[in-house]
Amino acid sequence: MSTQSETIGKLVGAIGAAMADIGYVRGTGTNDHQRYKYTSDEDLTAAVQPVMAKHGLAMLPSGCDVERVEVKTAKGGSASSVHVLQTWTVAHSSGEWMQIQMPGEGRDSQDKGTPKALTAARKYALRHLFCVPTGDDAEKEAKVNGEPDFSQFVSDTLDRIQ
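Remember, it's a predicted structure, so these values are computed and weren't measured experimentally.

(A) Focus on the pairing of strand 5 (residues 97–108). Taken together, the 12 bridges between strand 4 (residues 78–92) and strand 5 define a ladder with antiparallel strand orientation. Pairing of Ser-81 across the sheet is with Arg-107, part of strand 5. Between the antiparallel neighbours strand 4 and strand 5 lie four residues, among them Gly-95 with a positive phi of about 100 degrees.

(B) Structural detail: the sheet that holds strand 5. Read from one edge of the open sheet, three strands run 3-4-5, paired in antiparallel fashion. The open sheet has two edge strands with one neighbour each: strand 3 (57–72) and strand 5. In this sheet, neighbouring strand axes are inclined to one another by 15 degrees on average, regardless of whether the strands run parallel or antiparallel. Each of strand 3, strand 4 and strand 5 touches helix 3 (residues 113–129); the most contacted strand, strand 5, lies at about 140 degrees to it.

(C) Spotlight on the environment of Ser-109. Structurally, Ser-109 is set in the loop between strand 5 and helix 3. For Ser-109, a relative accessible area of 56% gives the class exposed. Sequence-wise, Ser-109 and Lys-72 are 37 residues apart; in three dimensions their C-alpha atoms are separated by 9.6 Å. If sequence neighbours within four positions are ignored, Ser-109 has contacts with Ser-78 and Ala-79.

(D) Spotlight on the packing of helix 1 (residues 9–22) against helix 2 (residues 41–54). In contact at an axis separation of 9 Å, helix 1 and helix 2 are set at 140 degrees when each is read in the N-to-C sense. By the angle between their directions, the pair helix 1 and helix 2 is classed as oblique. Between helix 1 and helix 2 lies a crossing of right-handed hand. Packed against helix 1, whose contacting residues are Ala-18, Asp-21 and Ile-22, the element helix 2 presents Ala-47, Val-48, Val-51 and Lys-54 at the interface. Considering only residue class, the contact of helix 1 with helix 2 consists of five nonpolar, no polar and two charged.

(E) Representation of unusual backbone geometry. Within the chain, Cys-131 stands out as a residue other than glycine whose phi angle is a positive 50 degrees. Within the element layout of this structure, Cys-131 appears in the loop between helix 3 and helix 4 (152–161). The exposed category is assigned to Cys-131, whose relative accessible area is 54%.

Quick notes on the rules
- Residues numbered from 1 in each chain as written.
- Predicted model: local features only at pLDDT ≥ 70, side-chain atom pairs only at ≥ 80, totals over all residues.
- Heavy atoms only, no water.
- Pairing = 2+ DSSP bridges.
- Helix = DSSP H or I, 4+ residues; strand = E, 2+ residues; numbered from the N terminus.
- Axes fitted to C-alpha atoms, helices over the stretch in contact; angles between N-to-C directions.
- Contact = heavy atoms within 4.5 Å.
- Buried < 20%, exposed > 50% of the residue type's maximum accessible area, 1.4 Å probe, protein only.
- Parallel < 35°, antiparallel > 145°, perpendicular 65-115°, else oblique.
- Left-handed = near helix turned anticlockwise from the far one by under 90°.
- Nonpolar A, V, L, I, M, F, W, Y, C, P; charged D, E, K, R; others polar.

Just geometry here; none of it tells us what the structure is for.
Written as structure tokens, this is what we have:
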């Protein structure tokens, strides 16, 4: 299986131009139950979709591997944990294309595990393809022993630009 067209220069140029136009996407989602804010699929799509169209880009699902596992919940019930590996074709109006893959996971006690997994895969594919900063850093909350808010590299970079 081929993973890209013979040339991808125009495609990569359009992705770079889109990156410049998208910028930071602030999340508006709130999980009241677990008390955190996040960038929703809708937040990301609203910022990315018009810019993709402007630069002649499209992202189409082209394959998906799905695995479903029954798991016990914390309260003793059961839920489906669905893991997907979604393949996307990123295409440009020039005819150039490439494929990317992104995993996703969703857990639900009813019928929403697969849609959750597919949404996660799409959201993170868009986020990583266009290097979209959102402030949603899973490792940010994992500070131990009074570690600084930023790595030394980031702190040094901020010092240089301020």
